Amino acid sequence: MDITLPRHRRRNGTALLATAAGCLLAGGLALPLAAAAQVATQAPEPEALDELEVDLAPSSVEQGQTPMDESFGPSRQEWIRETRRKAFEDTKFDVQARTFYLDRDKYDNSEMEAWALGGSAGLKTGYFREIFAFGATGYTSQKLYGPDDKDGTGLLAPGQEGYTVLGEVYGEFLLNQDTRLTLGRRAFDTPYINKNDARMTPNTFQAAVVQGLYGDSKDGGEWRVGGGYFDKIKERTSEDFVSMAKDAGAPAGVERGVYTLGANYALGDLSVGAIGYYSDDIIGIFYTEARYAFALSDDWKLRTALQYSDQSSNGDQLLKGTRFDSNQWGAKAELVHGGALFTVAYTDAGGNANMQNPWSGYPGYTSVQVEDFNRDGESAWMARAGYDFKSVKGLGVYALYVDGSDPSSPTDYAREEADFNVQWKAAEGPLKGLMVRLRYAQVSQADPASDDLKDLRIMVFYDPPSL
């Protein structure tokens, strides 16, 4: 049996060995013995202490031999220690500081305004024993400015209150090299269940989810698959996790989760995928999207995309109390030339209800800074132009315009929105990790009794590059 001696016993063992050597080599070796005794009284270096082992059990194994029961690697205890050390070495920390100002003048001439400071801090360990990893993230948003009569920006909790929440606490298990299982509270990204991280903090979810990534998009195709059960959601400005059904708008006391299953296949510039969401007695959602790109010349590339969403009530129809069906399809084309991107898109919504997105941002191609253009009977055209400057690394601008039609409801009106965005992100130098962004939107509608909506956002995010 191999034993690693405690620190004090290692010293005593060394002294005993020196004394025994002195008795055997007395006389002519007295001077070397004194030197050896002096060395024996000095504390070994930590590295030497870790390596010093004494075999206390009798053994007939010759030096240079390895018994079968010691083959194929270290002992179980040594393996556990090594994988634990490796997991801590692979731990990644993620810290981001944010400040965000939003001012919106609404159609009825009322105003929302706030300025917040906060961000997030979290970590994810490496895999213990090559099986299990752990992650956690805390979020906070605190008021710098926010009049009580201008609530509703989504930067602060209701009442212009700051908040702090542990939004992620989860375990991740490797089922095999390409498949992982997540249990706990975590942010996820799919078309209708996602972080919607467009304010100070994101949505996170209490869920059990399996995700897999198989193949290679350049060689034989890549499959992304995922499925699971989402039980609760923490909305962006909330400290509490609530039922997915409650968050969707179901009556008090109704609690339902959401089952989801989807897959996406990509091969080169081709991508095709679909995903379904089912919440019993609440809502069913199906979404599919296809993308394809091809070169027009050495300098120009065309990217195309099609999407379709379908939503309907099911079971006891607890969400609205009545049956509803809605759908929207969309098409998009993008022309890429160097740092320039030109986009046109069209969407059309139908059925007998407006489209919904209770657990995410809306995935429609004409969903922009303020409006989603997804009301029942509403169609919309979008034109967008953007440019990333080569002369100023990290600087990009874009402008867009969306023209929507009259929806089916006689109390709603056609709307049009114009947006402008300028963003700079330091990719190198002492400011690396800093992002500054300005967004402005103006929305007008055909109702002669309403004013234009104006939305101004100023964001400064900082990700320390050393983490």
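Below: a short report on this structure. Quick caveat: nothing in here was measured; it's all calculated off a predicted structure.

## Looking at the layout of surface pockets
A probe as big as a water molecule, rolled over the atoms, marks out the empty space that is left.
Inference 1: Roughly 1200 Å³ of volume is contained in the largest pocket.
Inference 2: Around the largest pocket, the lining comprises 40 residues; the ones closest to its centre are Tyr362, Ser367, Val368, Gln369 and Arg439.
Inference 3: The set of elements that each furnish at least two residues to the lining of the largest pocket consists of strand S3 (92-105), strand S15 (325-337), strand S16 (340-351), strand S17 (379-388), strand S18 (395-404), strand S20 (434-445) and strand S21 (453-462).
Inference 4: If you tally residues by element for the lining of the largest pocket, the top one is S21, at four residues.

## Observations concerning the packing of aromatic side chains
Inference 1: Summed over the entire model, instances satisfying the criterion amount to twelve aromatic pairs.
Inference 2: Ring centres of Tyr192 and Tyr277 lie 5.9 Å apart, and the angle between their planes is 75°; on these two criteria the pair is classed as edge-to-face. Taken together, the residues span a long stretch of sequence, with Tyr192 in the loop between strand S7 (179-186) and strand S8 (204-216) and Tyr277 in strand S12 (residues 270-279) at a distance of 85 residues. A single burial state applies to Tyr192 and to Tyr277, both of which are buried.
Inference 3: Here the aromatic rings of Tyr192 and Tyr362 are separated by 6.1 Å at their centres, their planes lie at 80°, and the arrangement is edge-to-face. A residue pair is termed long-range when its members are at least 10 positions apart, and Tyr192 in the loop between S7 and S8 and Tyr362 in the loop between S16 and S17 qualify at 170 residues. You'll find Tyr192 and Tyr362 in the same group, each marked buried.
Inference 4: Through pairs of rings, three or more aromatic residues link up here, namely Tyr192, Tyr277, Tyr287 and Tyr362.
Inference 5: Across from the ring centre of Phe241, 4.0 Å away, lies the NZ or CZ of Arg185, which sits over that ring.
Inference 6: In this structure, Arg384 is placed above the aromatic ring of Tyr398, and the distance from its NZ or CZ to the ring centre is 3.9 Å.

## Here we look at the nonpolar core
Inference 1: Ile193, Phe205, Phe230, Met244, Ile282 and Trp359 are the most contacted members of the largest nonpolar core, which totals 26 residues.
Inference 2: If you list the elements that add at least two residues to this core, you get S8, strand S9 (221-234), helix H5 (244-248), S12 and strand S13 (283-295).
Inference 3: Beyond its immediate sequence surroundings of up to four residues, Phe205 is in contact with Gly184, Arg185, Arg186, Phe188, Ile193, Asn194, Phe230, Lys232, Ile233, Phe241, Met244 and Trp359.

## Describing a nonpolar patch on the surface
Inference 1: Taken together, the side chains of Leu270, Val272, Tyr292, Phe294, Leu296, Trp300 and Phe342 make up a nonpolar region of the molecular surface, amounting to roughly 610 Å² of accessible area.
Inference 2: Counting residues per element, the ones that place at least two in the nonpolar patch are S12 and S13.
Inference 3: Relative to the helices and strands, Phe342 resides in strand S16.

## Some points on the pattern of salt bridges
Inference 1: One pass over the full model with this rule turns up 18 salt bridges.
Inference 2: One salt bridge in this structure joins Lys124 and Glu172, with 2.8 Å as the shortest N-O distance. Remark: Glu172 occurs in strand S6 (residues 163-176) and Lys124 occurs in strand S4 (residues 111-124); sequence separation between them is 48 residues.
Inference 3: A salt bridge links Glu172 to Arg180, with the shortest nitrogen-to-oxygen separation between them at 3.9 Å.
Inference 4: Relative accessible area serves as the criterion here: at 0%, Glu172 is assigned to the buried category.
Inference 5: When its relative accessible area of 31% is taken as the criterion, Arg180 is described as partly exposed.

## Overview of empty space enclosed by the protein
Inference 1: Within the structure shown, the criterion is met by one cavity of 30 Å³ or more.
Inference 2: Here the largest cavity defines a volume of roughly 30 Å³.
Inference 3: Surrounding the largest cavity, Tyr192, Gln307, Tyr308, Ser309, Gln328, Trp329, Gly330, Tyr362, Pro363 and Gly364 form its lining.

## Remarks on the side chain of Arg415
Inference 1: Within the secondary structure, Arg415 sits in strand S19 (residues 415-425).
Inference 2: A polar contact of 2.9 Å, which involves the side chain of Arg415, links it to the side chain of Gln445.
Inference 3: Look past the residues within four positions of Arg415 in its chain and what remains in contact with it is Tyr107, Glu371, Phe373, Arg375, Val402, Asp403, Gly404, Val443, Ser444 and Gln445.

## Comments concerning the pairing of S17
The side chains of a regular strand alternate, first on one face of the sheet and then on the other.
Inference 1: Two elements, S16 and S17, share nine bridges in a ladder whose sense is antiparallel. By the bridge assignment, Thr343 is partnered in S17 with Arg384.
Inference 2: Both S17 and S18 contribute to a ladder of nine bridges, which runs antiparallel. What sits directly across from Ala385, in S18, is Ala399.
Inference 3: Counted along the chain from S17 to the antiparallel partner S18, the turn is six residues long, and its residue Gly394 has a positive phi close to 95°.

Parameters at a glance
Numbering of residues begins from 1 in every chain and follows the order in which that chain's sequence is written. Local features in this predicted model are restricted to residues of pLDDT 70 or higher, and side-chain atom pairs are both shown and tallied only at a pLDDT of 80 or more, whereas totals for entire chains, interfaces and linings draw on every residue. Side-chain metrics in this entry use all non-hydrogen atoms of the structure; hydrogen atoms and water are not considered. Two kinds of site are reported from a 1 Å grid over the protein atoms alone, namely cavities, where a 1.4 Å probe fits but cannot get out, and pockets, open sets with protein on both sides within 12 Å along at least five of seven lines, and residues are called lining when an atom falls within 4 Å of a point. Grid points are joined across faces, edges and corners, and a volume is the space filled by probe spheres set on the points. Going along the chain from the N terminus, every DSSP run of H or I of four or more residues is numbered as a helix, and every run of E of two or more is numbered as a strand. Any pair of Phe, Tyr and Trp rings, taking the six-membered ring for Trp, is counted once the centres come within 6.5 Å. Such a pair is stacked with planes under 30 degrees apart, edge-to-face with planes over 60 apart, and tilted for the rest. For each residue, the accessible area found with a 1.4 Å probe, counting protein chains only, is set against the maximum for its type, and the residue is called buried under 20%, exposed over 50%, and partly exposed in between. For a ring to carry a charge above it, either NZ of a lysine or CZ of an arginine must fall within 6 Å of the ring centroid while also lying within 35 degrees of the normal to the ring plane. Nonpolar core, defined: a set of buried Ala, Val, Leu, Ile, Met, Phe, Trp, Tyr and Cys residues in which side-chain atoms within 4.5 Å join the residues together. It only takes one pair of heavy atoms within 4.5 Å for two residues to be counted as in contact. Two distance rules govern patches: like charges are joined within 9 Å, and nonpolar side chains (Val, Leu, Ile, Met, Phe, Trp, Tyr) within 5 Å, applied only to residues with over 30% relative accessible area and no salt bridge. Using a 1.4 Å probe, accessible areas were evaluated by the Shrake-Rupley method; residue-level cover was limited to the displayed protein chains. The working definition used for a salt bridge is a side-chain nitrogen of Lys or Arg within 4 Å of a carboxyl oxygen of Asp or Glu. Pairs of N or O atoms within 3.5 Å make up the polar contacts considered here, provided that, within protein, one atom can donate a hydrogen while the other can accept it, and that residues adjacent in sequence are counted only when both atoms are side-chain atoms. Strands were regarded as paired on the criterion that DSSP finds at least two bridges between them.

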